Amino acid sequence: MTAAIELAQTSIEHCGGPFGAVIVKDRQIIGRGSNQVTNHNDPTAHAEVEAIRNACRNIDHYVLSGCTLYASSQPCPMCLSAIYWAHIDRVYYANTYEDASRIGFDDAFIFRELRLPDEQKNITLARINEPEVLAKALNVFKNWELSEFKKPY
């Protein structure tokens, strides 16, 4: 946890957000990340996502089962989703959503939005219902099912 908190502090000193994360496997840090949203002009460059990217590069694989993620703050909804997709086993954090909210990082609106039906969300989220488009899209999925090159994840 200390390494994650130190990354958060260093991130501030390099004009990043106040968040850090490390990923540990077999008692070794295999991935590190700090918030790089403003430095990279990338809204997905949160500390946890950066740590996942770094760990996957370091072990040359996209599955991080058997790993633990330590984050300086409770992971936001996007990061939590990435953690699930990476198959990380455990997450430990220091600061809470409430702590982050007090300094301007409030995820409550995202949690509210996720619970709403599509037609009530603040962004347009609608399925295209043109038969030709749907047939093409489903065909891609069928091609995936039949592909000899697919790697399930």
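As the structure is a prediction and not an experimental result, all values here were calculated from the model. (Residues numbered from 1 in each chain as written. Predicted model: local features only at pLDDT ≥ 70, side-chain atom pairs only at ≥ 80, totals over all residues. Heavy atoms only, no water.)

1. Remarks on the packing of aromatic side chains
What the rule picks out here adds up to five aromatic pairs. Between tyrosine 70 and tyrosine 92, the ring centres sit 5.5 Å apart and the planes meet at 25 degrees, which makes this aromatic pair stacked. Here tyrosine 92 lies in strand E4 (residues 90-95) and tyrosine 70 lies in strand E3 (residues 68-73), a separation of 22 residues in the sequence. Ring geometry for tyrosine 97 against phenylalanine 111: centres 5.3 Å apart, planes inclined by 65 degrees, an arrangement best described as edge-to-face. With tyrosine 97 in helix H5 (residues 97-102) and phenylalanine 111 in helix H6 (residues 108-115), this pair connects stretches of sequence that are 14 residues apart. Looking at tyrosine 97, the relative accessible area reads 23%, which means it is partly exposed. (Phe/Tyr/Trp six-rings, centres within 6.5 Å; stacked < 30°, edge-to-face > 60°. Helix = DSSP H or I, 4+ residues; strand = E, 2+ residues; numbered from the N terminus. Buried < 20%, exposed > 50% of the residue type's maximum accessible area, 1.4 Å probe, protein only.)

2. Describing helix H1 (residues 2-13)
If you check H1, its first and last C-alpha atoms are 17 Å apart, about what 12 residues at 1.5 Å a residue would give, namely 16 Å. What H1 keeps buried is the set Ala4, Ala8 and Ser11. The buried residues of H1 all sit within an arc of 60 degrees when viewed along its axis, so they share a single face. When the buried face of H1 is taken as reference, the exposed residues oriented beyond 90 degrees from it are Thr2, Glu6 and Glu13. In the core, the buried residues of H1 are packed alongside strand E1 (20-25), strand E2 (28-34) and E3. Following H1 by one or two positions, cysteine 15 has its phi on the positive side, about 65 degrees. (Expected span 1.5 Å × (residues − 1). Arc of directions from axis to C-beta. Contact = heavy atoms within 4.5 Å.)

3. Concerning the layout of surface pockets
Each pocket or cavity is described by its volume, and for the largest pocket that value is around 300 Å³. Lining of the largest pocket is provided by 19 residues; of these, Phe19, His46, Cys76, Phe105 and Asp107 occupy positions nearest its centre. At the level of elements, helix H2 (37-40), helix H4 (77-86) and H5 are the ones that each hand at least two residues to the lining of the largest pocket. Across the lining of the largest pocket, the residue classes break down as 10 nonpolar, six polar and three charged. Together, Phe109, Ile110, Glu113, Leu114, Lys121, Asn122, Ile123 and Leu125 line the second largest pocket. For the lining of the second largest pocket, the residue count by class is five nonpolar, one polar and two charged. (1 Å grid on protein atoms, 1.4 Å probe; cavity = no way out; pocket = protein on both sides within 12 Å on 5 of 7 lines; lining within 4 Å. Points joined across faces, edges and corners; volume = space filled by probe spheres on them. Nonpolar A, V, L, I, M, F, W, Y, C, P; charged D, E, K, R; others polar.)

4. So, the pattern of salt bridges
Scanning the model with the defined rule gives five salt bridges in all. Here arginine 90 makes a salt bridge to aspartate 89, at a shortest N to O gap of 3.9 Å. Accessibility expressed as a relative area gives 35% for arginine 90, which makes it partly exposed. Residue classification places aspartate 89 among the partly exposed residues on the basis of a relative accessible area of 45%. Lysine 136 is the salt-bridge partner of glutamate 132, the closest N and O atoms lying 3.6 Å from each other. One end of the pair is glutamate 132 and the other is lysine 136, both in helix H7 (residues 131-146) and four residues apart, which spans about a single turn. Each member of the pair glutamate 132 and lysine 136 is classed as exposed. When salt bridges with common partners are traced through the structure, they connect Asp42, Glu50 and Arg53 into a single cluster. (Salt bridge = Lys/Arg side-chain N within 4 Å of Asp/Glu carboxyl O.)

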